[in-house]
Amino acid sequence: MSKHQEIEAYRQQLRECVKCGTCRAHCPVFKEVQSEAVVARGKISLAQALLDGKIDLDRHLLSDISQCLACGRCVKDCPNQVPTDEIILALRRRIGREKGLTLFGRGVSTVLQRPWLMNLLTRLGRMFSWLAFRKVPQGSGLRLRFPAPYISRDRTIPAIAPQAFRQSHPEFIAGDPDKPLVTFFTGCMINYMLPEIGDSVLAALQSLGANILIPKDQGCCGLPALCAGDGAGAARLADRNLDALTAHKADVIITACASCHSGLTKHFRSLGPDHAQLADKVMDIHEFLLQQGFVEKLEQLPRRNNPQPVAYHVPCHLRQAGLKEAPRQLLAALPSVRLVEMKNADSCCGLGGTFSVYHYDISKKLGALKAEGIRDSEAEVVATACPGCIMQLQDTLNHAGLPQQVCHVLEMVAADLKNAEPQ
């Protein structure tokens, strides 16, 4: 089985941290809690002390290491580019291995590695959601009726889709013979909760004449397991996806989820040459559409009177990959959209994988900053490129009492393509 690097492999990078404290100015969590232990410099010191045998994996260390959004701000602005986000994940893997996973971590990892269990739970969720959840006004999600571990009752979560995306479509959709074969990695949220995003991806690809493959046996990208500290589980998921995604010789593998893109590229490459080769074929859907000349295609669509003001939220994982402008370029070319600028557009939404589960109060404070920017932008819709961000931003807007809805950029693209079709 493949394996991610142990924390011991990062000794050289740990020494490259000069403790200048630049990270203090950029860490969203530090700005809220003002504790040296949660900023990158503090975590690097803790990792060094652990490797030197000066501290143990006690509850204080576990709490400090859990307080990271993995947004990558500290890495981007670090003078020595110390990969603190990777170091924290390596620390979590060691914690998971030696101290065991939390109840939530065990639950997430167990379900994500067993598709039959995921399918069973989503079926049960559909059947009994009326009992366990109540609808949020304006149809923007669900909230728990009763207390439950790790999920706050005032948190908005999306409903489970009536049918999973991959069950609603054939594994292969033929396009034009001379067009590329595109493998669509759906990710869990698009498959089980937001299949309309997947439908929008298909609409965009079909408008290009692409041949589309949707492997039925693909699994979770593994990023949730990595964030939870289950390195072995994440590696098993990676090996499963390696088999599923290389079974056919696709020209490109696309994702419509910024987190899945990170899981299949950045975190995939470190597992070995076969994984790295696959990671090289993975593209974010927005980047792929730009490469295919989609902006020019959208600019040729009939213009609309009174286009809708739309703000764009930059997902952290696209910013880290240097892809934050691609969704914005597509939005700006849409005839129904008037793109408006938003304060803090590229700041983290506050989700951060398992962070918002363990530290929801801080997560809500970060969300409140986003809500302020959305309100001031006077946008009617917030578009983004990550299903996780969509869930978190909608929760934020509901807490702030704002009427805006959040959607995926591809949903807006698909709507304009459909509106341009002959009636």
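Residues numbered from 1 in each chain as written. Predicted model: local features only at pLDDT ≥ 70, side-chain atom pairs only at ≥ 80, totals over all residues. Heavy atoms only, no water.

- Named according to an unreviewed UniProt entry, the protein chain is Glycolate oxidase iron-sulfur subunit originating from Syntrophotalea carbinolica.
- Entered under Function (unreviewed entry) in the UniProt record, the comment concerning the protein chain runs "Component of a complex that catalyzes the oxidation of glycolate to glyoxylate." (UniProt positions renumbered as here; feature names shortened; annotations may be inferred.)

### Re the sheet that holds strand 5 (residues 211-213)
- The strand order across the open sheet formed by five strands is 3-5-4-6-7, and the pairing between neighbours is mixed. Of all strands in the sheet, those with a lone pairing partner are strand 3 (172-173) and strand 7 (282-284), marking the two edges.
- Both strand 6 (residues 252-255) and strand 7 contribute to a ladder of three bridges, which runs parallel. Residue threonine 255 lies in a different strand from strand 7, and its bridge partner there is aspartate 284.
- Sheet strands in contact with helix 11 (residues 195-207) are strand 3, strand 4 (181-185), strand 5 and strand 6, and its direction is about 170° off that of strand 4. (Pairing = 2+ DSSP bridges. Helix = DSSP H or I, 4+ residues; strand = E, 2+ residues; numbered from the N terminus. Contact = heavy atoms within 4.5 Å. Axes fitted to C-alpha atoms, helices over the stretch in contact; angles between N-to-C directions.)

### Structural notes on the pattern of salt bridges
- Enumeration over the complete set of coordinates arrives at 17 salt bridges.
- Measuring nitrogen to oxygen at the nearest pair gives 3.1 Å for the salt bridge that ties glutamate 8 to arginine 94. With glutamate 8 in the segment before helix 1 (11-15) and arginine 94 in helix 6 (residues 84-99), this pair connects stretches of sequence that are 86 residues apart.
- Judged by its relative accessible area of 15%, arginine 94 falls in the buried class. (Salt bridge = Lys/Arg side-chain N within 4 Å of Asp/Glu carboxyl O. Buried < 20%, exposed > 50% of the residue type's maximum accessible area, 1.4 Å probe, protein only.)

### Some words on the sheet that holds strand 11 (residues 405-408)
- What the four strands build is an open sheet, ordered 9-8-10-11; its pairing is parallel. A single partner strand is all that each edge strand has here, and the edge strands are strand 9 (337-340) and strand 11. Going from strand to strand, the sheet's axes swing by 40° on average, the running direction of each strand aside.
- Relative to strand 9, strand 8 (residues 308-312) is paired through four bridges, and the arrangement is parallel. Residue pairing across strands places alanine 311 opposite valine 340, the latter belonging to strand 9.
- Helix-sheet contacts for helix 24 (residues 409-419) involve strand 8, strand 9, strand 10 (381-384) and strand 11, and the interaxial angle to strand 11 is about 80°.

### A closer look at the packing of aromatic side chains
- Evaluation of the coordinates by the stated rule reveals two aromatic pairs.
- Pairing phenylalanine 104 with tyrosine 358 gives two aromatic rings, centres 6.1 Å apart and planes at 80°, and the pair type is edge-to-face. A residue pair is termed long-range when its members are at least 10 positions apart, and phenylalanine 104 in helix 7 (residues 103-112) and tyrosine 358 in helix 21 (residues 355-358) qualify at 254 residues.
- The class of tyrosine 358 is partly exposed, set by a relative accessible area of 28%.
- Aromatic pair phenylalanine 165 and phenylalanine 184: ring centres 5.7 Å apart, planes at 75°, arrangement edge-to-face. Remark: phenylalanine 184 occurs in strand 4 and phenylalanine 165 occurs in helix 9 (residues 165-168); sequence separation between them is 19 residues. (Phe/Tyr/Trp six-rings, centres within 6.5 Å; stacked < 30°, edge-to-face > 60°.)

### Quick word on helix 22 (residues 360-377)
- For helix 22, built from 18 residues, the straight-helix expectation of 26 Å at 1.5 Å per residue is met to within 8% by its first-to-last C-alpha distance of 25 Å.
- Within helix 22 the residues assigned to the buried category are Tyr360, Ile362, Ser363, Leu366, Gly367, Lys370, Ala371, Gly373, Ile374 and Ser377.
- Following helix 22 by one or two positions, glutamate 378 adopts a phi angle in the positive range, close to 60°. (Expected span 1.5 Å × (residues − 1).)

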